[in-house]
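# Examining the three-dimensional arrangement
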Amino acid sequence: QVQLVESGGGLVQAGGSLRLSCAASGRTFSSYAMGWFRQAPGKEREFVAAISRSGIMTYYADSVKGRFTISRDNAKNTVYLQMNNLKPEDTAVYYCAAQYTSYGSYYAHQQYDYWGQGTQVTVSS
């Protein structure tokens, strides 16, 4: 069992930056691959980024590649999402997720075992 708490969301102008954090407690943090998903009103939850247990491998949705960076600090039990050059279409609730079972894939929300409560990111034009 692991508990996830996101923070760092807010309102920002287009072109601005935000850094999301997700603090984990419970089981050994390094046992989990971690992902970020987002969900805009009326849309399905979509994959944003993921990072392997060691932090060596990272994965991104095409829509955020080159603008967002996922990282983790296993000593602090925290995963981060640095978001630069934000666009209005990035507006959504952002969720942190933990994958304990090793699927060899990180893109589907069904592959994650635990979820945070979400943090709102709003980008104004």
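Attention here is on the structure that accompanies the text.

Reading the values: the criteria
- Residues numbered from 1 in each chain as written.
- Predicted model: local features only at pLDDT ≥ 70, side-chain atom pairs only at ≥ 80, totals over all residues.
- Heavy atoms only, no water.
- Salt bridge = Lys/Arg side-chain N within 4 Å of Asp/Glu carboxyl O.
- Helix = DSSP H or I, 4+ residues; strand = E, 2+ residues; numbered from the N terminus.
- Polar contact = N/O pair within 3.5 Å; in protein donor to acceptor, adjacent residues only side chain to side chain.
- Contact = heavy atoms within 4.5 Å.
- Disulfide = S-S within 2.5 Å.
- Buried < 20%, exposed > 50% of the residue type's maximum accessible area, 1.4 Å probe, protein only.

## Comments concerning the pattern of salt bridges
- Enumeration over the complete set of coordinates arrives at four salt bridges.
- Here Arg67 ties to Asp90 by a salt bridge, and the two come within 2.7 Å at their closest N and O atoms. With a gap of 23 residues between them, Arg67 in the loop between β6 (58–60) and β7 (68–73) and Asp90 in the loop between β8 (78–83) and β9 (92–99) connect regions that are remote in the sequence.
- When salt bridges with common partners are traced through the structure, they connect Arg38, Glu46, Arg67 and Asp90 into a single cluster.

## Points about the side chain of Thr119
- Tracing the sequence through the fold places Thr119 in strand β11 (residues 119–124).
- Here Gly9 takes part through its backbone nitrogen, which lies 3.3 Å from a polar atom of the side chain of Thr119.
- For Thr119, the residues in contact, after removing those within four places along its chain, are Glu6, Ser7, Gly8, Gly9, Leu20, Ala92, Val93 and Tyr94.

## Remarks on the state of the cysteines
- Going through the model one piece at a time under the given rule, you end up with one disulfide.
- Across a sulfur-sulfur distance of 2.0 Å, Cys22 and Cys96 are joined as a disulfide pair. Taking the sign of the S-S torsion, about -75° here, the bridge from Cys22 to Cys96 comes out left-handed. Linking Cys22 in strand β3 (residues 18–26) with Cys96 in strand β9, this pair joins segments that are 74 residues apart in sequence. Cys96 shares its class with Cys22; the two are buried.

## Notes on unusual backbone geometry
- In this structure, Asn77 is a non-glycine residue whose phi angle is positive, near 55°.
- As for its position among the elements, Asn77 is in the loop between β7 and β8.
- Of note in this structure, Asn85 is not a glycine but carries a positive phi near 50°.
- Relative to the helices and strands, Asn85 resides in the loop between β8 and β9.
- Asn85 sits in the partly exposed class, given a relative accessible area of 42%.

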